[in-house]
Amino acid sequence: MRIAMISEHASPLASLGGEDAGGQNTHVAELAAALVDQGHEVRVYTRRDAQEPPDLVRMDGVTVVYVPAGPPEALPKDSLLPYMKDFGRRLVEQWRGDWTPDVAHAHFWMSGLAALTAGRQTGVPVVQTYHALGTVKRRYQGAADTSPPKRIGYERALGRAVDRVIAQCQDEVRELVRMGVPRSRLAVIPSGVNSEKFTPEGPTVPRDPNRSRVLTVGRLVERKGFADVIRAMRALPDAECVIVGGPPGSSVDDDPLAQKLRAEAEAARVADQVRLVGAVPASEMPSWYRSADVVAAAPWYEPFGLVPLEAMACGIPVVGTAVGGITDTVVDGLTGDLVPPRDPRALGVALRRLLADPVRRFTYATAAVDRARQCYSWKRAAEQLIAVYEAVGGLRRPSGAVA
Ligand code: UDP
């Protein structure tokens, strides 16, 4: 099968940890690789955000296509909407040329707009994964939400116009149904984790042997709940908190949220326990997870959440907030503990209990590795997606037709 993946802002080749580069990039890269492993041909279309790379780049059998749409420079994803028409036009040119896909899989809503434009003109069916929903973002971020005002309306319209919508967790299904996406158009296919990269055995970054380590990882944005983890450290005077994410290396010190978090640590009198290390290359993430006694994942909301799953695959127990995909991946009391979001006290209590109980940590870790391997492989995700692609391929419209 020829599969086009559209990921306008999230290139599978980008370095991660910055404000707009995280889970979607990993998801697209791993999924594309798993589909290629199963004998399919995959092209990933992403916006050209620099002058340098050639139009096509090969990555583990996947072809990454840089689509010129807007200036060839890094731009915040919330300012990309005006370029999606151009993006769609370029897709039409390519799909009418020498490479016509059997299916287009759009990641994020703006990719969906470009894919739908191109799909309608070329007869290519479109599958949509939102990764994040405007309704949810607006609910939690209110006035701080910088998404284009039309996002929610576009997402609703997309859900009715595409051939299939992929939800990543049960919580997202509820949101999508509330948005008016017909249940018959929905398939639930969770993200995955690469259990060959994220393993319990392997190198570990050096750590202080005299105090426990709580690790927390993510794009340095407020909703990831790093401030709550910092406040929770008051309950753990003998532990350190390591925060991975943000700009790389010492440039993390210039990041406004990093500065806010340091002030938070001062105010909570835990500054000497908190360390911000900045972004870590994806290839080094396993050795950071392995260095921890526990991973704290404390987002206010979370569309899926690869970080808890990566920690589980490395055999590290997770204390997570009971939101979004985390309520599916982390089984409370079996592979980790779940606490309410935005409740540093509950987070502190759960972390303290787990750090004081090595037997519980060991049993959680064993069950977590099993669960990550059995239920969340990219191979499984790719197989389930192929079944969806084949089903929508059967609905394929003749070229040029408008649905
Ligand atoms: N990540 C990374 N380096 C960093 C911070 C994060 O490689 O410094 C990766 C992390 O391993 C995971 C992804 O970024 O694969 C974050 O995904 P998640 O779904 O947890 O959050 P999102 O970015 O989608 O909000």
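That block above? That's the structure.
All residue numbers here refer to positions counted from 1 along the written sequence of the relevant chain. Per-residue local features of the predicted model are confined to residues with pLDDT of at least 70, and side-chain atom pairs are confined, for both listing and counting, to 80 or more; whole-chain, interface and lining totals are unaffected and use all residues. Remark: hydrogens and water are excluded; side-chain values derive from all non-hydrogen atoms of the structure.

(A) How the structure looks around the side chain of H27. Only runs of H or I of at least four residues qualify as helices and only runs of E of at least two qualify as strands under DSSP, and these elements are numbered from the N terminus. Locating H27 in the fold gives a position in helix α1 (residues 23–37). Within the structure, H27 has its side chain in polar contact with the side chain of S191 (distance 2.6 Å). The contacts of H27, once residues within four sequence positions are left out, are H107, H131, Q168, S191, L306 and W378. Any N or O atom pair separated by 3.5 Å or less is treated as a polar contact, with the protein-specific requirement of one donor-capable and one acceptor-capable atom, and with residues adjacent in sequence counted only for side-chain atom pairs. Contact definition: two residues touch when any of their heavy atoms are within 4.5 Å.

(B) Quick peek at helix α12 (residues 344–355). Look at α12: 16 Å from first C-alpha to last across twelve residues, which is about the 16 Å you get at 1.5 Å a residue. Buried within α12 we find P344, L347, G348, A350, L351, L354 and L355. One face of α12 carries all of its buried residues, which in axial projection span an arc of 165°. By definition here, a helix of n residues has an expected span of 1.5 Å times n minus one. Buried means the residue's accessible area, taken with a 1.4 Å probe over protein chains only, is under 20% of the maximum for its type, while exposed means over 50%, and partly exposed covers the values in between. Taken from the helix axis, the directions to the C-beta atoms give the arc we talk about.

(C) View of helix α6 (residues 170–179). All of the buried residues in α6 are E172, V173, E175, L176 and M179. Projected down its long axis, α6 shows its buried positions confined to an angular sector of 165°, all on one face. Next to the buried residues of α6 lie α4 (134–141), α5 (151–161), β7 (164–167) and β8 (186–188). Immediately downstream of α6, the backbone of G180 shows phi near 100°, a positive value.

(D) Local environment of the packing of aromatic side chains. Centres within 6.5 Å make a pair out of two Phe, Tyr or Trp rings, where for Trp the six-membered ring is used; the pair is then stacked when the planes are under 30 degrees apart, edge-to-face when over 60, and tilted otherwise. Taken as a whole and judged by the stated rule, the model has five aromatic pairs. For the pair W109 and Y154, a centre-to-centre distance of 6.1 Å together with 20° between the ring planes defines the contact as stacked. Taken together, the residues span a long stretch of sequence, with W109 in helix α3 (residues 109–122) and Y154 in helix α5 at a distance of 45 residues. Classification of W109 as buried rests on a relative accessible area of 1%. Looking at Y154, the relative accessible area reads 31%, which means it is partly exposed. Centroid distance Y140 to Y301: 4.9 Å. Interplanar angle 20°. Geometry classified as stacked. Taken together, the positions of Y140 in helix α4 and Y301 in the loop between β12 (294–297) and α10 (306–313) put the pair 161 residues apart, joining distant regions of the chain. Using a relative accessible area of 8% as the deciding quantity, one classes Y301 as buried.

(E) Structural context of the site of the ligand. Near residues are defined by distance, with any heavy atom within 4 Å of the molecule or strand qualifying the residue. By nearness alone, 20 residues border the ligand, and G23, R219, K224, V280 and E310 come closest of all. The contact in question runs from an oxygen atom of the ligand to an N or O atom on the side chain of R223, over 3.4 Å. Within the contact set of the ligand, an oxygen atom lies 2.7 Å away from a side-chain nitrogen or oxygen of K224. For the ligand, the accessible surface in isolation is 550 Å², of which the surrounding protein chains cover 93%. At the level of secondary structure, the elements contributing two or more residues to the shell around the ligand comprise α1, β10 (239–248), α9 (285–290) and α10. The element contributing the most residues to the shell around the ligand is α10, with three residues. Basically, the charged four are Asp, Glu, Lys and Arg, the nonpolar ten are Ala, Val, Leu, Ile, Met, Phe, Trp, Tyr, Cys and Pro, and anything else, Gly included, counts as polar. The class makeup of the residues in the shell around the ligand is ten nonpolar, six polar and four charged. The accessible surface values rely on the Shrake-Rupley method and a 1.4 Å probe; as for residues, cover is taken only from the protein chains in view.

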